[in-house]
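Each chain is listed here by its residues.
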Amino acid sequence: MTPRWRTVAQASGLAAPDGTTRPTIFAEMTALAHATGAANLGQGFPDADGPAWIREAAVDAIRGGANQYPPGRGIPELRAAIAAHQLRHYGIELDPDREVLVTAGATEALAAAVTALAGPGDEVVTLEPFYDAHAAVIALAGATHVTVPLRPSSGGFRVDTVALAARVNERTRLILVNSPHNPTGTVLSDAELDAIAAAARRVGAIVITDEVYEHLVFGARPHRPIATLPGMAERTVTISSAGKTFSLTGWKIGWATGPAELIEALTAVKQFLTYSGGAPFQPAIARALTEGDPDIAELRNSLAARRDLLIAGLRAAGFSLVEPDGTYFVCADASPFFTAEVRDGAEFARALPALAGVACIPLSAFCHPGSDTAGALASWVRFTFVKDEATLLAAIERLAQLTPRPTH
C-alpha cells in the first residue's frame with residue numbers, strides 16, 4: 001500500500017524516482033536566484049512588511065498577555081470582525097459564533113475543508129492550472145482530483161465551460177474555486193461563476209472558494225464571492241486570509257465562513273491540525289479588518305502600478321502575455337526565447353537566472369504532469385510583481401538583454 005505522504009508528494013509533483021521528495025518549484029527557483037544573484041520574480045511574497053500600526057497592535061497584544069492558546073474557533077473579536085467584513089464588502093450575513101472559523105492561514109482552512117468534506121470515492125473539481133496546495137489536500141483526503149482547463153485568450157485566462165459541464169457529475173463532492181486566481185491572475189466573470197454555481201446545484205456539490213486575493217483586483221471586473229449567488233450561500237465554504245490583504249504572509253491568520261453545519265465539520269478536523277494559534281496576531285488582524293480599508297486601497301494602488309511596470313517591461317523584452325485582473329502575478333509566453341537547449345517553460349525558468357539574472361516559475365508546475373492543460377501551457381511562465389520597484393526595474397533591465405527569435 002502506498003503511504004499517504006507519498007500520494008500527496010505525487011499529487012503535488014514532489015515525488016522523486018528514488019522514493020524521496022523533491023523541493024517545491026518555489027524553493028528550487030528561490031535557491032537558483034540566491035546562487036546567481038538573480039532578481040527573484042518567482043516566489044510570491046512581499047519585499048515589504050505590512051502597515052506598522054497593525055504590527056504594533058500585535059506587539060501590544062504580546063505585552064498585554066495574549067500569548068497562550070486562543071479559543072479553537074478564534075477569539076470573539078476576530079470572528080466578529082470577519083463577519084462584519086463579509087457584510088460590509090459583500091452583503092453576506094454571518095453568525096460569528098457558528099459560521100466563522102479562524103485558521104492557521106488559508107492553507108489550513110483548505111486542508112480542513114477538503115479532508116472534512118471529501119474522501120475516497122469522491123471527486124474534487126478544480127481549475128487547471130491550480131495552486132499546488134489544492135492538489136496536495138485532495139490527495140491527503142484520498143479523493144480524486146478532476147480538473148477544468150483555464151485557457152489563455154485576449155480576454156484573460158477563461159474557464160472551459162464545456163469541460164466544466166462534462167466533468168462535474170454525480171461523483172463530484174466538492175468544487176474548489178480560486179478567484180482571483182493563482183497562478184493566472186484571472187478574476188472569474190459573472191458568467192463563469194454562474195456556470196460553476198449551476199454545475200454545483202445540478203449535482204448537489206459543495207463549493208469551497210479560495211479568495212485570499214479578494215482585495216487585490218485591478219481591472220474593471222470586481223471580485224464576486226460565489227456565496228452571493230442564488231442558492232449558493234447554503235452550499236459554499238468561503239476561505240480567505242490576512243496574509244495577502246495586509247502583506248503579513250508569515251502571520252498565518254486565515255478563516256473559513258459558511259453554513260454552521262459545514263463550519264462544524266471543518267472545526268472537527270481543524271482542532272486536530274493546529275487546534276489554535278497566532279494568539280497575539282488575532283487581535284491585530286481584528287483591528288486591521290475593522291480599520292484597515294485605507295491600507296488595503298493603498299496596497300492595491302501600489303500593486304497596480306507595479307503590475308503595469310512589469311507588463312510594459314515584459315512586452316518590451318519580447319514576451320506575449322495575458323494581463324492579470326488581480327493577484328501578484330503576470331503569466332507570459334516564453335516561446336520567443338526558446339533555443340535548441342531551452343525548449344519549454346520549465347527549461348526556460350531553470351536557465352533564466354544564469355542567462356539574464358531573473359527568476360520565474362514555469363506555469364506547467366501548476367498542472368498535472370502530462371495533462372492537456374500542461375501541454376497547452378508548456379511554454380508559459382509566471383512572474384510576480386509583489387516586489388519593490390528597484391527589484392522590478394533591475395529585472396526589466398536584465399530581461400531586455402534577452403534576444404527573441406526573429407519572426408517571419
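All of these numbers come straight from a predicted model, not from anything done at the bench.

Enquirer: Please clarify how the overall build of the protein chain should be interpreted in this entry.
Expert: The number of helices and strands found in the protein chain is 15 helices and 14 strands. What you see for the protein chain is a C-alpha radius of gyration of 21 Å, in line with the 22 Å of a compact globule of 408 residues. In terms of its C-alpha atoms, the protein chain occupies a principal-axis envelope of roughly 65 × 50 × 45 Å. Within the protein chain, the fraction of its 408 residues that count as buried is 57%. The contacts of the protein chain with a sequence gap of at least 6 include a subset with a gap of at least 24, amounting to 73%. Surface summary for the protein chain: the accessible area is close to 16,400 Å², and the carbon and sulfur share equals 54%.

Enquirer: So what exactly am I meant to see when it comes to the layout of surface pockets here?
Expert: A probe as big as a water molecule, rolled over the atoms, marks out the empty space that is left. By volume, the largest pocket is sized at about 510 Å³. Along its surface, the largest pocket is lined by 24 residues, and G44, T107, Y131, Y213 and K244 are the ones closest to its centre. Of all elements in the fold, only α5 (105-117) and α9 (242-245) reach the threshold of two or more residues within the lining of the largest pocket. No other element matches α5, which puts four residues into the lining of the largest pocket. Residues of the lining of the largest pocket, tallied by class, amount to 10 nonpolar, nine polar and five charged.

Enquirer: How should I be thinking about the pairing of strand β5 (residues 156-159) in this particular structure?
Expert: Within a regular strand, side chains alternate between the sheet's two faces. With four bridges connecting them, strand β4 (residues 144-153) and β5 associate as antiparallel partners. The residue of β5 that forms the bridge with S153 is G156. Hairpin connection between β4 and β5: a loop of two residues separates the two successive antiparallel strands.

Enquirer: In this structure, what is going on with the nonpolar core? I would like to understand it.
Expert: Among the nonpolar cores identified, the biggest contains 98 residues, and F319, F348 and F383 are the most heavily contacted of them. Broken down by element, the residue count for this core peaks at eight residues, all from α5. Residues A81, A83, F246 and I285 belong to the second largest nonpolar core, which totals 26 residues.

Rules and cut-offs
- Residues numbered from 1 in each chain as written.
- Predicted model: local features only at pLDDT ≥ 70, side-chain atom pairs only at ≥ 80, totals over all residues.
- Heavy atoms only, no water.
- Helix = DSSP H or I, 4+ residues; strand = E, 2+ residues; numbered from the N terminus.
- Rg over C-alpha atoms; globule rule 2.2 N^0.38 Å.
- Buried < 20%, exposed > 50% of the residue type's maximum accessible area, 1.4 Å probe, protein only.
- Contact = heavy atoms within 4.5 Å.
- Areas by Shrake-Rupley, 256 points an atom, 1.4 Å probe, with all protein chains shown as cover.
- 1 Å grid on protein atoms, 1.4 Å probe; cavity = no way out; pocket = protein on both sides within 12 Å on 5 of 7 lines; lining within 4 Å.
- Points joined across faces, edges and corners; volume = space filled by probe spheres on them.
- Nonpolar A, V, L, I, M, F, W, Y, C, P; charged D, E, K, R; others polar.
- Pairing = 2+ DSSP bridges.
- Core = buried A, V, L, I, M, F, W, Y, C linked by side-chain atoms within 4.5 Å.

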